[in-house]
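Report on the structure
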There are 2 protein chains.
Amino acid sequence: MLLLNLDPASSNPLYEQVLRGVMRLVDDGTLPPGTHLPATRKLAASLGVNRTTVFRAYQELWARGYLESRPGSYSTVRRPGQLHAEGCAPHQEQVRWDELVPPRSRELRAALRALPVRPGGDEDLVDFSSLMADRDLCPADDLRRAVKGVLVSRGKDLLGYGDPQGYLPLREAIARRLRTHGVTASADEILVTGGSQQAIDLVLRTLTRPGDRVVVEAPTYSMAHPLLRLHEVEVAEVGMRHDGLDLDTLTAVCAQRQPALVYTIPTFQNPTGITTSQAHRERLLAFCQERRIPLVEDGFDEELKYFGKAVLPIKSMDRDGLVIYLGTFSKVVFSGLRVGWVAAPKACIEHLLATYRFSNLSGNTLGQAALARFLREGLYEVHLRRLHRAYRGRMQAMLKGLAAHLPQGVEWTRPAGGYTLWVQLPEVAIDEAEVVSILRRHGVAVVGGRGFYASPRPNPAFRLSIANLKEPQIVEGCRRLGRALASVLEGRHAA
Amino acid sequence: MLLLNLDPASSNPLYEQVLRGVMRLVDDGTLPPGTHLPATRKLAASLGVNRTTVFRAYQELWARGYLESRPGSYSTVRRPGQLHAEGCAPHQEQVRWDELVPPRSRELRAALRALPVRPGGDEDLVDFSSLMADRDLCPADDLRRAVKGVLVSRGKDLLGYGDPQGYLPLREAIARRLRTHGVTASADEILVTGGSQQAIDLVLRTLTRPGDRVVVEAPTYSMAHPLLRLHEVEVAEVGMRHDGLDLDTLTAVCAQRQPALVYTIPTFQNPTGITTSQAHRERLLAFCQERRIPLVEDGFDEELKYFGKAVLPIKSMDRDGLVIYLGTFSKVVFSGLRVGWVAAPKACIEHLLATYRFSNLSGNTLGQAALARFLREGLYEVHLRRLHRAYRGRMQAMLKGLAAHLPQGVEWTRPAGGYTLWVQLPEVAIDEAEVVSILRRHGVAVVGGRGFYASPRPNPAFRLSIANLKEPQIVEGCRRLGRALASVLEGRHAA
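Computed from a prediction, not measured in an experiment: that's the story for all the values here.

1. Some words on the overall build of chain A
- Scanning chain A for helices and strands turns up 17 helices and 14 strands.
- Expressed as lengths along the three principal axes of its C-alpha atoms, the size of chain A is roughly 85 × 60 × 50 Å.
- In chain A, buried positions account for 50% of the 495 residues.

2. A look at the relation of the copies chain A and chain B
- If you rotate chain A by 180 degrees and push it 0.1 Å along the axis, it lands on chain B with an RMSD of 0.1 Å. Taken together, the rotation and translation describe the operation of a two-fold axis. Identified as the residue of chain A closest to the rotation axis by C-alpha distance is Lys148 of chain A, at 3.4 Å.
- When the interface residues of chain A are mapped onto chain B, 98% of them are again interface residues, pointing to one common binding face.

3. Observations regarding helix 6 (residues 103–113) of chain A
- Ser105, Leu108 and Arg109 of chain A are the residues of helix 6 of chain A that are buried. Angular distribution of buried residues about the axis of helix 6 of chain A spans 105 degrees; they occupy a single face of the element. With respect to the buried face of helix 6 of chain A, the exposed residues turned more than 90 degrees away are Pro103 and Ala110 of chain A.
- At its buried positions, helix 6 of chain A is contacted by helix 10 (224–230) of chain A together with helix 9 (196–207) and helix 13 (346–360) of chain B.

4. A short note on the sheet that holds strand 6 (residues 261–264) of chain B
Residue and element names in this part refer to chain B.
- Across the sheet, which stays open at both edges, the eight strands sit in the order 2-9-8-7-6-3-4-5 with mixed pairing between neighbours. Edge positions in the sheet fall to strand 2 (190–193) and strand 5 (244–245), since each has one partner strand and no second.
- Here strand 6 pairs with strand 7 (residues 295–298) via three bridges, running parallel. Across the sheet, residue Tyr263 finds its bridge partner in strand 7, namely Val296.
- Lying over the sheet, helix 8 (residues 168–179) contacts strand 2 and strand 9 (340–343), oriented at roughly 115 degrees with respect to strand 2.
- Helix 11 (residues 247–256) rests against strand 3 (213–218), strand 4 (234–241) and strand 5 of the sheet, and its axis sits at about 160 degrees to strand 4.

5. Description of the domain arrangement of chain A
- One can read the domain layout of chain A as domain 1 (14–85), domain 2 (120–135 + 382–489) and domain 3 (139–377).
- With centres defined by C-alpha atoms, the gap from domain 1 of chain A to domain 3 of chain A works out at 53 Å.

6. Side note on the sheet that holds strand 10 (residues 411–412) of chain B
Residues and elements named next belong to chain B.
- Reading across from one edge, 10-11-14-13 is the order of the four strands in this open sheet, with antiparallel pairing throughout. The open sheet has two free edges, formed respectively by strand 10 and strand 13 (447–448), since each of these has just one partner strand.
- Of the strand pairs in this sheet, strand 10 and strand 11 (residues 420–424) are connected by two bridges, and their pairing is antiparallel. Bridge assignment links Trp412 to a residue of strand 11, and that residue is Val423.

7. Let's talk about helix 12 (residues 278–291) of chain A
Residue and element names in this part refer to chain A.
- Its 14 residues give helix 12 an end-to-end C-alpha distance of 20 Å, which sits within 8% of 20 Å, the value for a rise of 1.5 Å per residue.
- Restricting attention to buried positions, one finds in helix 12 the residues Arg281, Leu284, Leu285 and Cys288. Viewed along the axis of helix 12, the buried residues span an arc of 95 degrees, placing them on a single side of the element. Opposite the buried face of helix 12, at more than 90 degrees from it, the exposed residues are Ala279, Ala286 and Glu290.

8. Points about the interface of chain A and chain B
- Counting from both sides, the interface comprises 98 residues of chain A and, opposite them, 96 residues of chain B.
- Sort the elements by how many residues they give to the side of chain A that touches chain B and helix 13 (residues 346–360) of chain A lands first, with 11 residues.
- Grouping the amino acids of the side of chain A that touches chain B by side-chain chemistry returns 42 nonpolar, 32 polar and 24 charged.

9. A word on the nonpolar core
- Within the largest apolar cluster, 256 residues are counted, with the highest numbers of intra-cluster contacts made by Val342 of chain A together with Val342 of chain B.
- If you look at the next biggest cluster of nonpolar residues, it comprises 16 residues, including Tyr15, Leu43, Tyr66 and Leu67 of chain B.

10. Brief notes about the pairing of strand 3 of chain B
Residues and elements named next belong to chain B.
- Where strand 3 lies against strand 4, six bridges are found, and the strand directions are parallel. The partner of Val215 across the bridge, within strand 4, is Ala236.
- Where the polypeptide runs from strand 3 across helix 10 (residues 224–230) and back to strand 4, its parallel neighbour, the crossover connection is right-handed.
- Pairing geometry for strand 3 and strand 6, over three bridges, is parallel. Directly across from Val215, in strand 6, lies its bridge partner Val262.

Definitions and limits used
Residues numbered from 1 in each chain as written. Chains lettered and ligands numbered in written order. Predicted model: local features only at pLDDT ≥ 70, side-chain atom pairs only at ≥ 80, totals over all residues. Helix = DSSP H or I, 4+ residues; strand = E, 2+ residues; numbered from the N terminus. Buried ≥ 20, exposed ≤ 12 C-beta atoms within 10 Å, placed from the backbone. Least-squares fit on C-alpha atoms with pLDDT ≥ 70 in both. Contact = placed C-beta atoms within 7 Å. Arc of directions from axis to C-beta. Pairing = 2+ DSSP bridges. Axes fitted to C-alpha atoms, helices over the stretch in contact; angles between N-to-C directions. Domains from an automatic or database assignment. Expected span 1.5 Å × (residues − 1). Nonpolar A, V, L, I, M, F, W, Y, C, P; charged D, E, K, R; others polar. Core = buried A, V, L, I, M, F, W, Y, C linked by C-beta atoms within 7 Å. Right-handed = clockwise from strand over helix to strand, strands pointing away.

As structure tokens, this is what we get:
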């Protein structure tokens, strides 16, 4: 007979009271290991509670190691940690994993530990560091309906492994989106990935070997750098000018040694926000075609053109099938869905698919199907127009604010879309990390420029993002930036 | 004035009639490029349809390249492919991607092309080849409710990038599940991945370098082989005996050269279905501890113990923190969710997390949250019991059927759980591919043994899976197997 005091009036659910009661009796030795608990029906009757209550308590007891886990013994008491007491010493970290992994893994762990921590806790902070689109603009309800819709209509189809190349209706929808940017790609020439980072990784895995040269812009997307180290490739940086990567340096770098690929972000580049001209694109493509260098075009922000004339992606001019185009929904819809894609010639996609299939089997069909529905119903374009309206105003406020407040000698870019701008300081006596922390003390968070380069640069620079800020915050943030930078330039903070 | 003939009585939706009408007028030159279409409101009024109808048609026209995509020109007609006509030749596959990718990628593409095609179309076929759990047993409605539940209660949290290590409540739930198998791991010692294949890949990426030796069982999980080739490691195969991998061979293989890791599936091994004894586990672990070789334990089918006494995972005995344990929900819940995990000492998890973060950013939070809810509500355990009941009966029918029908000289394993069995033929005059196609002609699909090895083996063997079959199909399948193998052994099919 198991005696437990239950209090139906308590705010603790009854099942939890049963759970705690039994745990206490086991812990204090009243119920020694090997004791059989009464059947759920019997205990429920004797305690005057529902049988489900007891069942749930027993399940939790089992999960917590208070009941044997062997079939047929589900009601036999054991003491958690009993196994250890029976001969195995408690978990001791005797193996030195640092010594077991290759140097590359140690280096990546160091990079992980060095990642900037998301600023938080400070209500008043103006956070120019986040690249995650404003949640208030996220079409959460429409997406919820899309998920629900596919679960109801396509539930069975979504249970198994999906098409490794990506859910076909989504690939078709992506192909239609790409046509609006002048890119002709069939659903066969598209591979859906778990986001844009996975797409870059996939391209590197398929096209490079350790030691190969890879050309990137300097600065470039900061998370590309540790990924390139993971691949153990030789990174050749080509500086960004006001009009895009320096084509003369590119020529010199490629003459030295043929690279496995050139990675470029021609539109609203991360971090600078620079968009290259039609002429620059044509020259870059012509150069790569002549040298037969695969050109990886990251169009992560392609859909965020909200000012002026749009320039079509390099991929739209790609006669020779040399351009691998990367896209993502993370920056415009919902980063938690993890859906990106690669558009490339069929022969290239087939190689990418082999790598993808053997390292992932297949992607997350539920998210892909929900997104396909969202696109098919025209909700995506409605949402995009809403985003454009919002960010057009925000970027205008930003550019106006910077012009009004930043001290002379500071330079910044003037993007025609996207979320990011780049600020470059003249030569100052203090280093970049110190500048970032001075800004922080003035109530603005930015991302220091260092992480966007493979090798150190002389003058401090940083990235500003308006992704997660509303206009009044932007206005106030520019004011603070101005004050903070003025004090930096005047050397008031110099060591 | 735009003249279109609409038929409200037609089964074609009105928006599609508008769409087709405009496309025809552009294609036949009636509306030349540069023409401005009327505003949606105006056209809707003149056609006597809803404005949304016209809006939707315009959107689709835009998506199909029939309207300019530049802001401010959304109603200007263009001709699809116009860009090509303006100077770029149509898409020509001039680049030879086969020559641009490293040899490894060509090899993987060949492996992709060689993957067995899922048999289909034949109603009468008994398909012993599929490892995907019976959809009729999938808790689709409960999962649907879980997804809906998290979207309602946690929608906002799921919008951004999730915790790169995995949704915390799910890691806690996994930790509780592991305790039922005698494994003590905290949520900190668990990393959630996009399925089990990604977990194996992650371990290989973090622990090995090209050229390193990796020990695997022979036969082993077939999709591990191309993945090992992707990593360009040297594969050392250790044969499976009736009681698990041959420990003497393992000793010899490791004395020759220290491996970067040993990969083992001790429970319901894929493909053989063999479960090793407690003693075998202790010896294997002691050996790896002594040599300081990381032991990767793939517990993909751990939860599917439905006969007899359960043996605890090797991980439960791991005092030194040397075992990396891999788990997945794909084989018991819903492969389309793509959720697996790694349980390992914190120091090892941190290295794995660095690799994961830089190659993926984060996982699919929505699926992870839904699964966490499914577990928290006790639905997982209810479902598991249902699976156990079903497959216990199916495996019994299978073993009885094989004993009744397979001819003398043929050997097979007798699993105590999971889905797979292994059949080994004596020396025959025909090769394995031929045996598989003979079986197919007798109405049974199996997976030939070849793909489970890195190097060829003399006698034909194949894997049987009961994952997707009900008892009557299993009974009939065994009868057909018996007839087919009898004819093979009697040499009636010999070349």
